[in-house]
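What follows is the residue order along each chain.
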Amino acid sequence: MQTNDKLDLLFDPALIPSSIQDQLGSDLYLRPLASDDNKRGHFDVLSVLTAAPQLSAQSYKDTFHELRACANTYFIVVIVEKATDKIVGSGSIIIERKLLRSAGLVGHIEDIAVSKSMQGRKLGLRIINALEEIGRTRGCYKIILDCSDKNIPFYEKCGFKHKEFQMVRYM
Ligand code: ACO
């Protein structure tokens with residue numbers, strides 16, 4: 001496993017509380033996304049969500065740099081299995097600045113994925129805990145997300161409650 005100081009990270013790892021690391025198994029590590037995480041199986045994990053065709057290494061890096069250039073906006077965390085240096089979980093919070101609420105901040109949780117063989121080990125919960133903590137530290141007044149009916153019990157266990165409906169128009 002590569003240590004954080006050898007990786008090109010999306011954001012400061014100090015934003016992730018050490019208590020979350022302690023609650024993971026000793027075989028796992030939660031950290032910010034790195035610019036070369038495509039080679040650690042990031043798309044294999046994302047494929048539990050939806051069709052996730054690989055980006056080329058260059059496109060992955062370019063997209064990573066585009067996300068990082070938007071200061072204080074994109075926060076993606078991954079869980080890495082130490083023995084294999086493979087990603088087994090991933091999730092994002094995107095922080096939106098509003099004009100309402102005294103120019104308040106809203107966190108949008110997206111793309112929570114845990115590889116099939118690791119589901120049921122509370123990794124999804126730890127990812128949500130880490131993203132919530134990032135949102136809280138950055139000053140969000142609320143955090144919202146969209147999910148399917150079958151995932152409602154998971155998000156309720158994470159402390160979320162149902163409110164309103166999602167609408168979509170595909171382009
Ligand atoms: N139905 C009922 N309860 C559930 C479900 C479910 N589908 N999934 C998890 N839970 C419960 C667990 O039993 C556990 O409860 P407990 O504390 O009483 O034991 C609690 O929720 C926490 O579960 P975790 O072990 O943390 O869940 P896991 O690590 O398996 O991750 C996740 C859950 C992320 C939904 C995973 O199953 C997954 O990757 N699914 C496929 C992709 C997906 O649907 N992602 C969510 C998309 S929505 C979005 O991204 C905003």
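Summary of the structure given here.

Thresholds, definitions, all that
Residues numbered from 1 in each chain as written. Predicted model: local features only at pLDDT ≥ 70, side-chain atom pairs only at ≥ 80, totals over all residues. Heavy atoms only, no water. Phe/Tyr/Trp six-rings, centres within 6.5 Å; stacked < 30°, edge-to-face > 60°. Buried < 20%, exposed > 50% of the residue type's maximum accessible area, 1.4 Å probe, protein only. Helix = DSSP H or I, 4+ residues; strand = E, 2+ residues; numbered from the N terminus. Contact = heavy atoms within 4.5 Å. Expected span 1.5 Å × (residues − 1). Arc of directions from axis to C-beta. Core = buried A, V, L, I, M, F, W, Y, C linked by side-chain atoms within 4.5 Å. Salt bridge = Lys/Arg side-chain N within 4 Å of Asp/Glu carboxyl O.

**Considerations on the packing of aromatic side chains**
Evaluation of the coordinates by the stated rule reveals 4 aromatic pairs. Pairing Phe-154 with Tyr-155 gives two aromatic rings, centres 4.8 Å apart and planes at 65°, and the pair type is edge-to-face. Its relative accessible area of 29% is what places Phe-154 among the partly exposed residues. Overall, Tyr-155 belongs to the buried group, its relative accessible area being 10%. Of the aromatic side chains, those joined through ring pairs into one cluster are Phe-154, Tyr-155 and Phe-160.

**Let's talk about the side chain of Arg-126**
Residue placement: Arg-126 occurs in helix 5 (residues 123-138). Ignoring sequence-local partners within four residues, the contact set of Arg-126 consists of Ile-20, Gln-23, Leu-24 and Leu-30.

**Points about helix 3 (residues 57-69)**
If you check helix 3, its first and last C-alpha atoms are 18 Å apart, about what 13 residues at 1.5 Å a residue would give, namely 18 Å. For helix 3, the set of buried residues is Tyr-60, Phe-64 and Leu-67. Buried positions in helix 3, seen along its axis, are confined to an arc of 65° and lie on one side of it. Exposed side chains of helix 3 directed beyond 90 degrees from the buried face belong to Glu-66 and Ala-69.

**Quick look at the nonpolar core**
Leu-30 and Ile-134 are the most contacted members of the largest nonpolar core, which has 41 residues in total. Apart from residues no more than four positions distant in its own chain, Leu-30 is found in contact with Ile-16, Ile-20, Gln-21, Leu-24, Val-77, Val-78, Ile-79, Arg-126, Ile-127 and Ala-130.

**Description of helix 5**
The end-to-end C-alpha separation of helix 5 is 23 Å, in line with the 22 Å expected for 16 residues at 1.5 Å each. Backbone geometry just after helix 5 places Gly-139 at a positive phi near 100°.

**Notes on the pattern of salt bridges**
Considering all chains together, one arrives at 10 salt bridges under this definition. Close ionic contact of Glu-164 with Lys-163 constitutes a salt bridge, the shortest N to O distance being 4.0 Å. Here Glu-164 matches Lys-163 in class, with each residue exposed. Through salt bridges with shared partners, one network takes in Arg-31, Asp-36, Asp-37, Lys-39, Arg-40 and Asp-85.

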